[in-house]
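# Coordinate analysis (summary)
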Amino acid sequence: MTKWKAFLSLLFSVAVLGCKPEPYTVEAGFTNGSTTGRHIVSKMTITTLSGGRANFAMGSVGGYPGAHSGGGKIDAPAYIEGEWAKGNPEPSSGLVSYHRISAPIPNDAEAKMKTMDNYYQNFDRDYGSMEVIVDGPRVRVFYSKSCVDMYDDCTPKQGADPNGWVVRSPKNQTDVVVLFDGKGESSSTPFPNIFFADLEKRKKASLSE
């Protein structure tokens, strides 16, 4: 009997130690935009702490917050990979620079998301917005509850943001937390073996016909 109890105790310990805590997840729409004009985003993937992958590439984007997709449940971002190009300010005049990034996202992203989710005193929206913003080589990832002063009570709770993480959005319309702010590689010509290199080859082939 003693051996049986010891076995059950060991089994219980293994089960408890083997269980990982559920990741902190939010329900969020996905947005891909820019604050500096037209960009073409061919690839923009965020890998989360749990290993999930979310696609933020929405093709031709411009303006903030930009193009929007339905999104879904997502936990804290851990890594970002992307390829994009900046458009010429003149309409229908091609692309002027090419960019790519492969970088870890700081490990305080989850804490920032929790701060945003518990920031407001009277505003209780059960979904948010995860935003990837490209400006030339610069990439930023925001998380917001999209509380707009004109329509909502956006009064913050006292002491809700002791680290000063909550800032105003680029248009100064709502509050966001910045989960990532970095720069990728840049080139005046497309990087090899990516979407834009193939696009240039097709253009040259069509012109030579």
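Residues numbered from 1 in each chain as written. Predicted model: local features only at pLDDT ≥ 70, side-chain atom pairs only at ≥ 80, totals over all residues. Heavy atoms only, no water.

### Re the environment of Asp153
Locating Asp153 in the fold gives a position in the loop between strand E9 (138-144) and strand E10 (166-168). There is a polar contact of 2.8 Å between the side chain of Asp153 and the side chain of Asn122. (Helix = DSSP H or I, 4+ residues; strand = E, 2+ residues; numbered from the N terminus. Polar contact = N/O pair within 3.5 Å; in protein donor to acceptor, adjacent residues only side chain to side chain.)

### A few points about the packing of aromatic side chains
Working definition: an aromatic ring pair is given by the centre-to-centre distance plus the angle between the planes. By the definition in use, this model includes four aromatic pairs. Here Tyr120 and Phe123 contribute two aromatic rings whose centre-to-centre distance is 5.5 Å and whose plane-to-plane angle is 85 degrees, an arrangement assigned as edge-to-face. The rings of Tyr119, Tyr120 and Phe123 are connected pair by pair, giving a single aromatic cluster. In this structure, Arg100 is placed above the aromatic ring of Phe191, and the distance from its NZ or CZ to the ring centre is 4.0 Å. (Phe/Tyr/Trp six-rings, centres within 6.5 Å; stacked < 30°, edge-to-face > 60°. Lys NZ or Arg CZ within 6 Å of the ring centre and 35° of its normal.)

### Focus: the confidence of the model for the chain
Residue-level pLDDT values for the chain average 87, and 82% of them are 70 or greater. Low pLDDT, under 50, characterises residues 1-17; the stretch is placed with zero contacts to residues that sit more than four places away or in other chains. (pLDDT = per-residue confidence, 0-100. Contact = heavy atoms within 4.5 Å.)

### Here's the deal with the sheet that holds strand E1 (residues 25-33)
Strand order in the open sheet formed by six strands is E5-E1-E8-E9-E11-E10, with mixed pairing between adjacent strands. For this open sheet the edge positions go to strand E5 (67-75) and E10, each flanked by a neighbour on one side alone. Within the sheet, the average angular offset between the axes of one strand and its neighbour, ignoring direction, is 35 degrees. Pairing of E1 with strand E8 (residues 128-135) involves six bridges; the strand directions are parallel. Opposite Asn32, over in E8, you have Val132 as the bridge partner. Its contacts with the sheet place helix H2 (residues 109-117) against E1, E5, E8, E9, E10 and strand E11 (175-183), and it is angled at close to 160 degrees to E11. (Pairing = 2+ DSSP bridges. Axes fitted to C-alpha atoms, helices over the stretch in contact; angles between N-to-C directions.)

### Here's the deal with the pairing of strand E2 (residues 39-48)
Among the 10 residues that make up E2, eight are buried, leaving the element largely enclosed by the rest of the structure. In terms of strand pairing, E2 meets strand E4 (residues 59-61) through three bridges, oriented antiparallel. Bridging from a neighbouring strand, Val41 pairs with Gly59 of E4. For E2 and strand E6 (residues 77-87), the ladder comprises nine bridges, and the chain directions are antiparallel. Within E6, the position partnered with Thr48 by the bridge is Pro77. (Buried < 20%, exposed > 50% of the residue type's maximum accessible area, 1.4 Å probe, protein only.)

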